Amino acid sequence: MKLSKLNIVILIGFLAIIGVIVMQLLLINNAYNLEKKETEDKIFFTLQDVLEKLYRDKNSNLTVTDQVKKESDNYYIVNVNDEFESTIIEHYLTEEFLRLKLDLAFEYAVYNCTSNSLVYGSYISSKGEKEPIKCRTCFTKNNDYTYYFALHFPELKQNYFKNLNQYWIYTGVLFFLLIIYVYSVLLMLKQKKYTELQKDFINNMTHEFKTPLASILIASNYSKEQPEIKNNPRLARYNQIIIDQSNKLNQHIEKILYVAKTESKQMFIEKSKVDLLPVLELVKENVFLKFEKIIEVDIICSKNYLINADKFHFYNVLFNLVDNAVKYSGEKPKIKLKVKEKNKKLVIQISDNGSGIPEKDLSFIFDKFYRVAREDSKEIEGFGIGLSYVKKICDMHHWKIEIKNNKEEGITAEIIIQDYE
């Protein structure tokens, strides 16, 4: 199965995050083992120091070796080979743990050879507070030693993890990022699926519309020339309505095709040197042909500029803007096309005398399928893709486009172009 570029990027990102998390877990494991070894070494040396102090108090030397024996991870036995008071042992244990900054809670017991039993001492918290012993069953007798005391560390493992808080925070953040990434990928794939379905629907819909529409236009134009139609004004008008509405529908279909091609990256621009003034005149002429009502279109351009643009799409951008201006300008539209230079940039302004755009709609007018209602009509014309197409073409040319309300009436659309002569 062939993977798309998006799937490859997603897979690489996923593997990268998994790799970082695995490395982080290995780092935690190493840090845990290091912390464990360091703590065990400190406990060993602490118990050795306690032994030395006990023998020093008796003015005698240690007579045995391997005095400290580790029975388990949290249980140690110390062979003292002599009888010592439990209170003295407790004092030296507390003192040495404090000196070496071992914040460990412990409890201890001393073997009494007379009674052949363990005499339980106290539970000493990490803060040095004394409490009754908590786990008597944690202590076991050792038959190898005659005199010894035992230590149990009930919270030793918890202390290891506590000292790794920083590592756990980093790991938690990484897992959180992984969850967000996976969720985002799932949303992206879901959105991609819907987008592909939408594209297929638009392409199929436009194809199914254009085929019968082309037949309608051919038949209408043919019947228009027939004597029966020509000699009957009523039939001629009906026929012309069919032609006009078919052409209008065809324009809408073309706009939908432009959007579909843009989204699927099938639309490309081919830049060339374009004379601005002839394009403006062509837009003006076609606007007059499209609308039956009286329209004033003024072109103010001091000289003919050369623009580096795709001529076909550049014309469509201007015609869409002027077409919208006429639609939203009431019964007597007055459209002004003004070209000027400003800050070494060419500015093309399309102004109208309409009612303007409500402030609540102004920030959404370039959104696909968004439409602004007309004051003179409750119905909203078009599909809301004209300005979306205009914005896309301007972005592809690296132009800037702005639409704003005029102070008195109407709106002004500005196209700001850098590449011109």
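S.K.: What am I meant to see in the packing of aromatic side chains here?
M.R.: The geometry of two aromatic rings is summed up by the distance between their centres and the angle between their planes. Per the stated rule, a full pass over the model turns up eleven aromatic pairs. When the centroid spacing of 5.1 Å and the interplanar angle of 5° are considered together, the rings of Y111 and Y148 count as stacked. You can see Y111 sitting in strand β3 (residues 106–112) and its partner Y148 sitting in strand β6 (residues 148–152), a full 37 residues away along the chain. Comparing Y111 with Y148 shows no difference in burial state: the two are buried. Geometrically, the ring pair formed by Y305 and Y420 is edge-to-face, given 6.0 Å between the ring centres and 70° between the ring planes. Taken together, the residues Y305 in the loop between β8 (296–301) and β9 (306–309) and Y420 in the segment after β13 (411–417) connect sequence positions 115 residues apart. In this structure, Y305 and Y420 share a single accessibility class: buried. Geometry around Y123 places K134 over its ring, the cationic atom sitting 4.2 Å from the centre.

S.K.: Looking at this structure, how should I read the packing of helix α8 (residues 311–327) against helix α10 (residues 386–396)?
M.R.: Relative orientation and spacing of two packed helices are given, respectively, by the angle between their axes and the distance between those axes. Contact geometry of α8 with α10 gives a least axis separation of 10 Å together with a crossing angle of 145°. Relative to α10, the crossing made by α8 is left-handed. On the side of α8, the interface is formed by H313, N316, V317, N320, L321 and N324, while α10 contributes G386, L387, Y389, V390, I393 and C394. Looking at the contact of α8 with α10 residue by residue, the classes come out as seven nonpolar, five polar and no charged.

S.K.: Any chance you could explain the sheet that holds β6 here in plain terms?
M.R.: To summarise the sheet geometry, strands pair through backbone hydrogen bonds and adopt either a parallel or an antiparallel arrangement. Strand order in the open sheet formed by six strands is β1-β2-β6-β3-β4-β5, with antiparallel pairing between adjacent strands. Strands at the two margins of the open sheet, each flanked by one partner only, are β1 (68–72) and β5 (130–132). Ignoring strand direction, the axes of neighbouring strands in this sheet form an average angle of 25°. Here β3 pairs with strand β4 (residues 117–124) via six bridges, running antiparallel. For Y111, the partnering residue across the bridge sits in β4 and is L118. Relative to the sheet, helix α2 (residues 86–99) contacts β3, β4, β5 and β6, its axis offset from that of β3 by approximately 150°.

S.K.: Would you take a moment to explain the pattern of salt bridges for this structure?
M.R.: A side chain with one charge may pair with a side chain of the opposite charge, provided their charged atoms come close. For the coordinates displayed, the defined rule picks out 16 salt bridges. With a shortest N-O distance of 3.1 Å, K391 and D395 are connected by a salt bridge. Here D395 and K391 lie together in helix α10, a separation of four residues that amounts to about one turn. Here the residues in one salt-bridge network are D49, K53, E95, E96 and R99, joined through shared partners.

S.K.: Whenever I open this one, the sheet that holds strand β12 (residues 400–405) confuses me. Can you help?
M.R.: Spatially, the five strands line up as an open sheet ordered β8-β10-β11-β13-β12, and their pairing is mixed. Looking at which strands have only one partner, the edges of the open sheet turn out to be β8 and β12. When strand polarity is set aside, the average angle formed by the axes of neighbouring strands in this sheet is 15°. Sheet topology places β12 next to β13; six bridges connect them, and they run antiparallel. Opposite N405, over in β13, you have I411 as the bridge partner. Across the sheet, α8 is in contact with β10 (334–342), β11 (345–351), β12 and β13; its angle to β11 comes to roughly 35°.

S.K.: Explain the side chain of H152 to me, please; I cannot follow it from the model alone.
M.R.: Relative to the helices and strands, H152 is located in strand β6. Among the residues examined, H152 registers a relative accessible area of 7% and is labelled buried. Here N74 takes part through its side chain, which lies 3.4 Å from a polar atom of the side chain of H152. In this structure, H152 is in contact with N74, Y75, A105, F106, E107, C135, C138 and F139, ignoring residues within four places of it in sequence.

About the thresholds
- Residues numbered from 1 in each chain as written.
- Predicted model: local features only at pLDDT ≥ 70, side-chain atom pairs only at ≥ 80, totals over all residues.
- Heavy atoms only, no water.
- Phe/Tyr/Trp six-rings, centres within 6.5 Å; stacked < 30°, edge-to-face > 60°.
- Helix = DSSP H or I, 4+ residues; strand = E, 2+ residues; numbered from the N terminus.
- Buried < 20%, exposed > 50% of the residue type's maximum accessible area, 1.4 Å probe, protein only.
- Lys NZ or Arg CZ within 6 Å of the ring centre and 35° of its normal.
- Axes fitted to C-alpha atoms, helices over the stretch in contact; angles between N-to-C directions.
- Left-handed = near helix turned anticlockwise from the far one by under 90°.
- Contact = heavy atoms within 4.5 Å.
- Nonpolar A, V, L, I, M, F, W, Y, C, P; charged D, E, K, R; others polar.
- Pairing = 2+ DSSP bridges.
- Salt bridge = Lys/Arg side-chain N within 4 Å of Asp/Glu carboxyl O.
- Polar contact = N/O pair within 3.5 Å; in protein donor to acceptor, adjacent residues only side chain to side chain.

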